[in-house]
Amino acid sequence: MTRLMETLRRLVRPTPPACSHLDQARRVEPRTEGCEECLAIGGTWVELRLCLACGHVGCCDLSPNRHARAHFAETGHAIIRANVPGYTWTWCWVDEIKI
């Protein structure tokens, strides 16, 4: 009966997937107040993302240039946080999960 109860417990409250990249996250300060690359080229953004490995600020995937994703592709820095007032979520690019 114990095994059945354990299985039912997991089905009702599944364990969220674990991120294996949390060791990349640091306490960082944003390097800029806007998307670094958009500021350099005169681009625009919808929302900003903060790289928790180095402090890079890039624009989100809804923005025309998607610089946060490009930063991940270039550096491998997997952990980002929403850099928007009131948003508290963190994301892992590799595991594709909110943390």
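Everything here concerns the structure above.
What comes next is a walk through the structure. Position numbers for residues count from 1 along each chain, tracking the sequence in the order it is written. Predicted model: local features are reported for residues with pLDDT of at least 70 only, side-chain atom pairs are reported and counted for 80 or more only, and whole-chain, interface and lining totals are derived from all residues. To obtain the side-chain values, all non-hydrogen atoms of the structure were used and water was disregarded.

1. So, the overall build of the protein
Okay, step 1: Helix and strand definitions follow DSSP, with helices as H or I runs of at least four residues and strands as E runs of at least two, each counted in order from the N terminus. Counting its secondary structure elements, the protein contains 3 helices and 5 strands.
Okay, step 2: When the helices and strands of the protein are listed from N to C terminus, the series reads α-α-β-β-α-β-β-β.
Okay, step 3: Between buried and exposed lies partly exposed: a residue is buried under 20% and exposed over 50% of the maximum accessible area for its type, with that area taken using a 1.4 Å probe on protein chains only. Of all 99 residues assigned to the protein, the portion counted as buried reaches 33%.
Okay, step 4: Contacts spanning at least 24 positions in sequence make up 47% of the contacts within the protein whose residues lie at least 6 apart.
Okay, step 5: For the accessible areas, the method is Shrake-Rupley and the probe is 1.4 Å, while residue cover comes only from the protein chains on display. Total accessible area on the protein is roughly 6,700 Å²; 54% of this is exposed by carbon and sulfur atoms. Residues are treated as being in contact if the distance between any of their heavy atoms lies within 4.5 Å.

2. A word on the layout of surface pockets
Okay, step 1: Counted as a void, the largest pocket has a volume near 180 Å³.
Okay, step 2: Lining the largest pocket, in full, are Arg 49, Cys 60, Asp 61, Leu 62, Arg 69, Ile 80, Trp 89, Trp 91, Trp 93 and Lys 98.
Okay, step 3: Polar here means any residue other than Ala, Val, Leu, Ile, Met, Phe, Trp, Tyr, Cys and Pro, which are nonpolar, and Asp, Glu, Lys and Arg, which are charged; Gly is therefore polar. For the lining of the largest pocket, the residue count by class is 6 nonpolar, no polar and 4 charged. Site definitions follow a grid-based scheme: protein atoms alone, a 1 Å grid, a 1.4 Å probe that fits but cannot get out for cavities, and for pockets an open set with protein on both sides within 12 Å along at least five of seven lines, plus lining residues having an atom within 4 Å of a point. Grid points are joined across faces, edges and corners, and a volume is the space filled by probe spheres set on the points.

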